[in-house]
Amino acid sequence: MPSDFLPQIDPARCIGCELCVKLCPSGALGMLNEVAIVTAAEDCDYAGICQEICPTEAISLAYVIVFSGEKGGRRL
Ligand code: SF4
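All figures in this text were calculated on a predicted structure; none of them were measured in a lab.

Cut-offs applied
- Residues numbered from 1 in each chain as written.
- Predicted model: local features only at pLDDT ≥ 70, side-chain atom pairs only at ≥ 80, totals over all residues.
- Heavy atoms only, no water.
- Patch = residues over 30% accessible without salt bridge, like charges linked within 9 Å, V, L, I, M, F, W, Y side chains within 5 Å.
- Areas by Shrake-Rupley, 256 points an atom, 1.4 Å probe, with all protein chains shown as cover.
- Salt bridge = Lys/Arg side-chain N within 4 Å of Asp/Glu carboxyl O.
- Buried < 20%, exposed > 50% of the residue type's maximum accessible area, 1.4 Å probe, protein only.
- Pairing = 2+ DSSP bridges.
- Helix = DSSP H or I, 4+ residues; strand = E, 2+ residues; numbered from the N terminus.
- Near = heavy atom within 4 Å.
- Nonpolar A, V, L, I, M, F, W, Y, C, P; charged D, E, K, R; others polar.

Asks: Let's hear about a nonpolar patch on the surface: which residues, and what values?
Replies: On the surface, a cluster of nonpolar side chains totalling about 220 Å² of accessible area is made up of Leu 19, Leu 23 and Ile 49. We classify Ile 49 as partly exposed; its relative accessible area is 31%.

Pasting the structure below:
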């Protein structure tokens, strides 16, 4: 999966609670210096649980929306 489509983690917002690390179903997240990071990008299946449970909204997942008739998509 291209790195553009991995969870984006804002280190300034992360409080190091480790919820995302514990609840990620694919084990793609870990901690470095008390901040969450993507440690196994190849394992990320974009479940979105990390984004949902983060208490500080430090994680966001980009999505691509493809409109009818378009070949590509627009990243939001
Ligand atoms: S759930 Fe949010 S605040 Fe907690 S470790 Fe993960 S990114 Fe940081």
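Asks: Residue-level account of the pairing of strand E3 (residues 35-38), with values.
Replies: Relative to E3, strand E2 (residues 29-32) runs antiparallel, the two being bridged by four bridges. Bridging across to E3, Met 31 finds its partner in Ala 36. Joining the antiparallel neighbours E2 and E3 is a turn of two residues, in which Asn 33 adopts a positive phi near 50°.

Asks: Can you tell me about the pattern of salt bridges, naming the residues and giving the values?
Replies: Evaluated as defined, the whole model comprises one salt bridge. Residue Arg 13 is joined to Asp 10 by a salt bridge in which the shortest nitrogen-to-oxygen separation is 3.9 Å. A residue is classified by how much of its surface remains accessible, and Arg 13, at 42% relative accessible area, is partly exposed.

Asks: Please set out the site of the ligand residue by residue, giving values where relevant.
Replies: Taken together, Cys 14, Ile 15, Gly 16, Cys 17, Glu 18, Cys 20, Ala 36, Cys 54, Pro 55, Thr 56, Ala 58 and Ile 59 make up the full set of residues near the ligand. A breakdown of the residues in the shell around the ligand according to their chemical character gives nine nonpolar, two polar and one charged.

Asks: Go over unusual backbone geometry with me, naming the residues and quoting the values.
Replies: Residue Glu 18 is not a glycine yet carries a positive backbone phi of 70°. Among the structural elements, Glu 18 can be located in the loop between strand E1 (8-9) and helix H1 (19-23).

All quantities given are derived from atomic positions and should not be read as evidence of function.
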